[in-house]
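# Summary of the model geometry
Each chain is listed here by its residues.
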Amino acid sequence: MSPRNDKERPRSTLEAGTEKARPLVHQQSREIQPYGKIAKLPIALDEKVCAASADNLNQLLADTMTLRDLYKKHHWQVAGPTFYQLHLLFDKHYEEQSELVDAIAERIQLLGAISIAMAPDVAETTMISRPPRGREEAPQQISRLLEAHEILLQEARTMARQAAEQGDDGTNDLLVSEVIRRNELQVWFIAEHLVDVPVVRADRAASAGSR
Ligand SMILES: [Fe+2]
């Protein structure tokens, strides 16, 4: 037996150290802010203005999250000769809508309100109708996306005007510079896929008629 083993091990010190490093799991607490209540920040905007903007933005958030998910669904389920380009385009628009989701949600938080986040809350709130679970043809997918964009653009323009009238320039800027412009551009990129033009041989009858 070595002299080292004669010593008593500092067991209590080891146990204390282990306790300190152990994650405190299964914790529970009350909410620090109920949904629908404003915890106003010092941003020189009236609480009522913040609440009105946050209400509008939560509606827009639900619709943007739904449109974002619609793009991913179509990215996965698209079929046909334009599969590859639509597969990539739908995913690009999904990424851009995800960025808008984050910008809108964070604006709601900085206005002192709470942004909705979870799928059941989004489903309860969105104005965009639920698509079937099954696969659809690409023209139907694009039509569905265009209808969703139009719902979103219509409400975003109304909300932008309301924000401007109430002096909430930050919300107005987000809506105009990011949400409206980005959605308009995406509409152009997908709507052009529904223009019925020949792919290989020009329509000679149509070109003769236009002279
Ligand atoms: Fe993918």
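Residues numbered from 1 in each chain as written. Predicted model: local features only at pLDDT ≥ 70, side-chain atom pairs only at ≥ 80, totals over all residues. Heavy atoms only, no water.

### Quick word on the nonpolar core
Convention followed: Remark: nonpolar core denotes a set of buried residues (Ala, Val, Leu, Ile, Met, Phe, Trp, Tyr, Cys) joined through side-chain atoms within 4.5 Å. Buried means the residue's accessible area, taken with a 1.4 Å probe over protein chains only, is under 20% of the maximum for its type, while exposed means over 50%, and partly exposed covers the values in between. Per the convention used, a helix needs a DSSP run of H or I reaching at least four residues, while a strand needs a run of E reaching at least two, with both numbered from the N terminus. Contacts are assigned to residue pairs with any non-hydrogen atoms lying within 4.5 Å of each other.
L60, L61, F90, I104, L175 and V179 are the most contacted members of the largest nonpolar core, which has 41 residues in total. Elements represented by at least two residues in this core include exactly helix 3 (47-77), helix 4 (83-110), helix 6 (138-165) and helix 7 (169-191). Broken down by element, this core gets its largest block of residues, eleven residues, from helix 3. Apart from residues no more than four positions distant in its own chain, I104 is found in contact with L57, L60, L61, T64, L174 and V179.

### Let's talk about a negative patch on the surface
Just so we agree on the cut-off: For patch building, the residue pool is restricted to those with more than 30% relative accessible area and no salt bridge; the joining distance is 9 Å between like charges and 5 Å between nonpolar side chains (Val, Leu, Ile, Met, Phe, Trp, Tyr). All accessible-area figures derive from a Shrake-Rupley calculation using a 1.4 Å probe, and residue coverage is judged against the displayed protein chains alone. One speaks of a salt bridge when a side-chain nitrogen belonging to Lys or Arg is within 4 Å of a carboxyl oxygen belonging to Asp or Glu. We count Lys and Arg on the positive side and Asp and Glu on the negative side, and we leave His and both chain ends out. Every charge is mapped to an atom, namely NZ of Lys, CZ of Arg, CG of Asp or CD of Glu.
A surface patch of like charges, here negative, comprises E95, E99, D102 and E106. Its location among the elements puts E106 in helix 4.

### Side note on unusual backbone geometry
We note that H26 has phi near 55 degrees; this positive angle belongs to a residue other than glycine. Here H26 lies in the loop between helix 2 (11-21) and helix 3. On the basis of relative accessibility, which here comes to 79%, the residue H26 falls in the exposed class. For A44, which is not a glycine, the phi torsion comes out positive at approximately 55 degrees.

### Examining the packing of aromatic side chains
The description of an aromatic ring pair rests on the distance of the ring centres and on the angle between the ring planes. Here is the rule: Planes of paired rings set the category: under 30 degrees apart is stacked, over 60 is edge-to-face and the rest tilted, where pairs are Phe, Tyr or Trp rings (Trp by its six-membered ring) whose centres lie within 6.5 Å.
Counted according to the given criterion, the structure contains two aromatic pairs. Arranged with centres 6.0 Å apart and planes meeting at 55 degrees, the rings of Y71 and F90 form a pair that is tilted. Here the residue Y71 occupies a position in helix 3, and F90 occupies one in helix 4, the gap between them amounting to 19 residues. The same class applies to Y71 as to F90, namely buried.

### Some words on the side chain of E155
Along the chain, E155 turns up in helix 6. Within the buried core, E155 has no salt-bridge partner, and the shortest N-O distance to an opposite charge, that of R157, equals 11 Å. If near-sequence neighbours (up to four positions away) are discounted, E155 is found in contact with Q59, L60, D63 and M127.

### Regarding helix 4
The test is simple: To estimate the expected span of a helix, count its residues, drop one, and scale the result by 1.5 Å.
Across its 28 residues, helix 4 extends 41 Å between first and last C-alpha, which sits within 8% of the 40 Å expected from 1.5 Å per residue. Note on helix 4: the residue one or two positions beyond its end, G112, has a positive phi of about 95 degrees.

### Structural notes on the pattern of salt bridges
Going through the model one piece at a time under the given rule, you end up with seven salt bridges. A salt bridge links K72 to D91, with the nearest nitrogen and oxygen atoms 2.7 Å apart. Taken together, the residues K72 in helix 3 and D91 in helix 4 connect sequence positions 19 residues apart. The buried category is assigned to K72, whose relative accessible area is 16%. Between E96 and R182 there is a salt bridge; the shortest N-O distance is 3.5 Å. Linking E96 in helix 4 with R182 in helix 7, this pair joins segments that are 86 residues apart in sequence. Look at R182 and you get partly exposed, because its relative accessible area is 31%. In this structure, a network of salt bridges that share partners links the residues K92, E96 and R182.

### Here we look at the packing of helix 6 against helix 7
Cut-off, in case you're wondering: Note on geometry: axes are lines fitted to C-alpha atoms, helical ones only across the stretch in contact, with angles between N-to-C directions running from 0 to 180 degrees. Our angle categories are set so that under 35 degrees counts as roughly parallel, over 145 as roughly antiparallel, 65 to 115 as roughly perpendicular, and the remainder as oblique. Handedness of each helix crossing follows the sense of rotation of the near helix against the far helix: counterclockwise by less than a right angle gives left-handed, clockwise gives right-handed. Three categories are distinguished: nonpolar for Ala, Val, Leu, Ile, Met, Phe, Trp, Tyr, Cys and Pro, charged for Asp, Glu, Lys and Arg, and polar for the others, with Gly belonging to the last.
Where helix 6 contacts helix 7, the axes come no closer than 9 Å and their chain directions differ by 160 degrees. Relative to helix 7, the element helix 6 is oriented roughly antiparallel. Considering how the two elements wind past one another, helix 6 and helix 7 form a crossing that is left-handed. Of the residues in helix 7, those touching helix 6 at I142, L145, L146, H149, L152, L153, A156, R157, M159, A160, A163 and A164 are T171, N172, L175, V176, V179, I180, N183, E184, Q186, V187, I190 and A191. Of the residues contributing to the contact of helix 6 with helix 7, the split by class is 17 nonpolar, five polar and two charged.

No statement about biological role is implied by the geometric values presented.
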